[in-house]
Amino acid sequence: MPGGQARAIVFATGNHTELGRIAALSQRTRREASPLERQVKRVAWLIAGVATGMGVVFLVLGVAVGLPVTDSLTFAIGLLVANVPEGLLPTITLALAVGVRALARRGALVKRLSAVETLGSTSVICTDKTGTLTRNSMRLRALWTVDHGSEPGPWAEELARAGALCTTVTREADGELHGDPTEAALVAGAADHGAPVDLRRRDAGRRALFRFDPRLRLMSVVQDGEAKGSMRIVVKGAPEAVLDRLLPGTAADSARAAAEDLARGGMRVLAVAVRDVPSGAELPSRRQDVESGLALLGLLGLYDPPRSEVAEAVRRCHEAGIRVHVVTGDNGATAAAVAREVGIGVPRLHVVAASEALGDDELDRLLVEGDDEIVFARSSPETKLKVADTLREHGRIVAMTGDGVNDAPALHRAHIGVAMGLSGTDVAREAATMVLTDDDFATIVTAVEAGRRVYDNVRKFIVYIFAHATPEIVPFLVFALSAGAIPLPLTVLQILAIDLGTETLPALALGRERSEPGIMQRPPRPRHQGVISRDMLIRSWGYLGLTSAILVMAGYFYVLWRAGWQPGDPTGTGSPMHHAYVTATTATFAGIVTCQVGTAFAARTDHAALRDIGVFTNPLLLAGIAFELAFTAALVYAPPLQHLFGTAALPLDVVLLVATFPVLVWGTDELRRARRRRQRTSAFPGS
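Residues numbered from 1 in each chain as written. Predicted model: local features only at pLDDT ≥ 70, side-chain atom pairs only at ≥ 80, totals over all residues. Heavy atoms only, no water.

**Here's the deal with the overall build of the protein chain**
This is how the line gets drawn: Numbering goes from the N terminus for both helices and strands, where a helix is a DSSP run of H or I of at least four residues and a strand is a run of E of at least two. Radius of gyration means the value over C-alpha atoms here, while the globule rule gives 2.2 Å times the residue count to the 0.38 power. We call two residues in contact when some of their heavy atoms are within 4.5 Å. Computed with the Shrake-Rupley method and a 1.4 Å probe, the accessible areas treat only the protein chains shown as cover for residues.
From N to C terminus, the protein chain includes 29 helices and 16 strands. Against the 2.2 N^0.38 benchmark of 26 Å for 687 residues, the protein chain shows a C-alpha radius of gyration of 35 Å, more extended than a compact globule. Overall size of the protein chain, expressed as C-alpha extent along the three principal axes, is 120 × 50 × 50 Å. For the protein chain, long-range pairs separated by at least 24 residues make up 73% of all intrachain contacts whose partners lie at least 6 apart in sequence. Carbon and sulfur atoms provide 59% of the accessible area of the protein chain, an area that totals close to 29,300 Å².

**Considering the layout of surface pockets**
Unfilled space is identified by rolling a water-sized probe across the atoms. What counts is decided by this rule: In the cavity and pocket records, a cavity denotes points on a 1 Å grid over the protein atoms alone where a 1.4 Å probe fits but cannot get out, a pocket denotes an open set with protein on both sides within 12 Å along at least 5 of 7 lines, and lining residues are residues with an atom within 4 Å of a point. Grid points are joined across faces, edges and corners, and a volume is the space filled by probe spheres set on the points. All residues other than Ala, Val, Leu, Ile, Met, Phe, Trp, Tyr, Cys, Pro, Asp, Glu, Lys and Arg, Gly among them, are scored as polar; the first ten of these are nonpolar and the last four charged.
Estimated volume of the largest pocket: approximately 1,800 Å³. The wall of the largest pocket is formed by 47 residues, among which D180, F212, P214, D403 and G404 lie closest to the centre. At the level of elements, α1 (3–13), α8 (181–192), β6 (206–213), β8 (231–237), β9 (267–277) and α16 (381–393) are the ones that each hand at least two residues to the lining of the largest pocket. Partitioning the lining of the largest pocket into residue classes produces 14 nonpolar, 19 polar and 14 charged. Empty space within the second largest pocket amounts to approximately 620 Å³. Together, 19 residues line the second largest pocket, and R161, L165, D224, G225 and E226 are the ones closest to its centre. For the lining of the second largest pocket, the secondary structure elements donating two or more residues are α7 (154–165), α9 (199–204), β7 (218–224) and β8. Broken down by element, the lining of the second largest pocket gets its largest block of residues, four residues, from α7. A per-class count over the lining of the second largest pocket returns six nonpolar, four polar and nine charged.

**Quick word on unusual backbone geometry**
Operational definition: When a residue's accessible area, from a 1.4 Å probe over protein chains only, is under 20% of the maximum for its type it is buried; when over 50% it is exposed; and in between it is partly exposed.
Even without being a glycine, R378 presents a positive backbone phi close to 50 degrees. Among the structural elements, R378 can be located in the loop between β13 (373–377) and α16. With a relative accessible area of 12%, R378 lands in the buried category. Positive phi, normally seen in glycine, also occurs at D439, with a value near 55 degrees.

**With respect to the packing of aromatic side chains**
A ring pair, where both rings are aromatic, is described by two values, the distance of the centres and the angle of the planes. Quick note on the threshold: Stacked, tilted and edge-to-face are the three classes applied to pairs of Phe, Tyr and Trp rings, where Trp contributes its six-membered ring and a pair requires centres within 6.5 Å; stacked means planes under 30 degrees apart, edge-to-face means over 60, and tilted covers the rest. Here, a charge over a ring is recorded when the distance from Lys NZ or Arg CZ to the ring centre is within 6 Å and its angle to the ring normal is within 35 degrees.
For the structure on display, the rule yields five aromatic pairs. Taking the centre distance of 5.9 Å and the plane angle of 20 degrees together, the rings of F627 and F631 count as stacked. Separated by four residues within a single helix, F627 and F631 lie in helix α26 (residues 619–637), roughly one turn from each other. Using a relative accessible area of 24% as the deciding quantity, one classes F631 as partly exposed. Grouping aromatic residues by their ring pairs yields a cluster made of Y556, F557, W561 and W565. Over the ring of Y455 we find R525; its NZ or CZ atom is 3.6 Å from the centre of that ring. Across the ring face of Y543, the terminal group of R672 is positioned such that the distance to the ring centre comes to 5.4 Å.

**Some remarks on the pairing of strand β3 (residues 139–145)**
For a regular strand, side-chain orientation follows a simple rule: the groups alternate between the two sheet faces. Applicable threshold: When DSSP locates at least two bridges between a pair of strands, those strands are taken to pair.
Within β3, five of the seven residues are buried, which leaves the element mostly enclosed by the surrounding structure. Where β3 and strand β10 (residues 295–303) come together, six bridges link them in antiparallel fashion. Opposite A142, over in β10, you have G301 as the bridge partner.

**Description of the pattern of salt bridges**
Put simply, the test is: Any carboxyl oxygen of Asp or Glu that lies within 4 Å of a side-chain nitrogen of Lys or Arg is treated as forming a salt bridge with it.
With the rule as written, the count across this model stands at 36 salt bridges. The shortest N-O distance in the salt bridge between D261 and R264 comes to 2.4 Å. Pair noted here: D261 and R264 are both in helix α11 (residues 252–264), with a separation of three residues, about one helical turn. Here D261 falls in the partly exposed class, since its relative accessible area comes to 48%. Where D456 meets R522, a salt bridge forms, and the shortest distance between an N and an O atom there is 3.0 Å. Taken together, the residues D456 in helix α19 (residues 441–467) and R522 in the loop between α22 (504–510) and α23 (534–562) connect sequence positions 66 residues apart. Among the charged side chains, a network of salt bridges with common partners joins R539, D606, D669, E670, R672 and R673.

**Remarks on α7**
Turn by turn, an α-helix covers 3.6 residues, leaving residues three or four places apart pointing in a common direction. Put simply, the rule is: An expected span of 1.5 Å times one less than the residue number is assigned to each helix.
In a regular helix each residue adds 1.5 Å, so twelve residues correspond to 16 Å; α7 covers 16 Å between its end C-alpha atoms and thus fits that length. All of the buried residues in α7 are A156, L159, A160, A162, G163, A164 and L165.

**Quick notes on the environment of L270**
Turning to its location among the elements, L270 is positioned in strand β9. Once the C-alpha coordinates of L270 and V242 are considered, the two residues, 28 residues apart in sequence, prove to be 8.7 Å apart.

**Re the sheet that holds β7**
Strand pairing within a sheet occurs via backbone hydrogen bonds; the two strands may be parallel or antiparallel. To keep things clear, this is the line we draw: All axes are obtained by fitting lines to C-alpha atoms, using only the stretch in contact for helices, and the reported angles, taken between N-to-C directions, cover 0 to 180 degrees.
Within the open sheet, the six strands sit side by side as β3-β10-β9-β8-β7-β6. Their pairing is antiparallel. Pairing within the sheet leaves two strands with one partner each, and these edge strands are β3 and β6. Between one strand axis and the next, the sheet turns through 20 degrees on average, direction left out of account. The pairing of β7 with β8 spans seven bridges and is classified as antiparallel. Bridged to Q223 within β8 is R232.

The following block contains the structure:
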């Protein structure tokens, strides 16, 4: 963690111990690989170990049934080569990198590849309100004064002017206001209500400034008064904070009721109070003395409309089984009104005043035991940190948004810290895992979908490569179990040509597959769910693999029997059946390649029909298939490669036979998926 950032977090939190924990978490997180990558590495080592064990077992078995040692060794090597998934880890890296690039184009900059996969597991999103759910374009909409209510008049102009004086925004050379959006809205609103404030004269007449304190929830300035030598203290902030500092006997109760009415309309409400300091009087030096004994001028209501796309994004979150909580410094009624407007907490929203002490038991009850979505109002940075900790401790995968220096601890603690690129501080962006260049909540949902797509694509790749193990192993099993009466249908070099040549590009292209329909209608997957499931193995080995093996062996025996071969006939070099045997092994090789084509199209979806995603929607896959067919043709028909790989030119009838394999392999799996969809519809008629 950079030193400047560390000092900023210490300043913000006032807790050196907390800094140490954050720094340790940061370093650990940066070193950790993706859980998906760790799972796949374990799977790859397991497969390699099993393949080695199987090779040894069948080496011994081959010798036991009377095969020569050289043939048994060839069989063992072929079995090992056929089972090791060489492209597994590169495909995962590519899928994650593609996910990062796609998110960057959509406005989400992800710092670590592993975060893309974590996004797909997100089960809870804790979001700010202003600028994330809303447009961050506030407008002064309502003014309320103690004696005149919402009635316009010079009293309303005085209120608007006082609110604009208690700001720190500046005006750029192009006339644009620069600074906090709330304060910019106050300055613009004062001008709209006939009380413009010259910012240079404001600064020239300022005698003291006490900046906004998130714990006190107010700020104050001391300006020159109208009489020579006099001063006026102007305080603005949360109504409950300002009203507690009024002189006794003022209309605090009516102001509270008015503030609640404005907040229920979705407005951010600020109270403005003043105290005049006569000429010659000494200004108190302590902030608490300055901000006391005040007279209320009135209330300002600012409205920040929700982003138009947020309601749809929230709906998609709910369909995906993701809960959305709002953690904001705003008033509870204001935040609740905005939350309901975008669909958060429908039909029931729980509003919690986070300014009150929230114990661990209370947080457990709210976040874990209940199903309600929650608005944590008047939240502090410590509230965000406690919410993130509670959710993590109970196994939830948390995405947390933030923009301020004080949000850095919570952004570190969450699984996915999301900083605002437009309104966020440098410290928040450094602490986060993902930065939103548009500050838009909908971009988070897009990132979650991308994470799910990456995980699905890795599983598609695994289905694809596992399906080819069966047709590559079966020829060796037939050879071994027949004690050599059936000649070896596939050579080791041909297997290498398949695994390292024809298989690689289509497998990598599956990592670029678009999202399958219904991907955001599934509940979040458990964080530590295995990347390989029993259903995947049944599909790979039992459906796709077994179908491919049957077709491949049918092509092999078709070529041999057509030439008059009988089991046990010699096929070695110089024998009458040698050319037929070489042609048959070539048919096996070409058959596996064409079955790969059918498997690639079948693996593109797990549940949906191929027509739902489109046959031509993955141009990289089409290019990969074109390459593997061209590569296969070169090995089959180019004389130099024929000599190297032991192949022979295939006659037309054999070419037409193996050309049907892709449709048969894909069609078998398409029927299986159609049956599963009908079963699902029968079990869940409304799905």
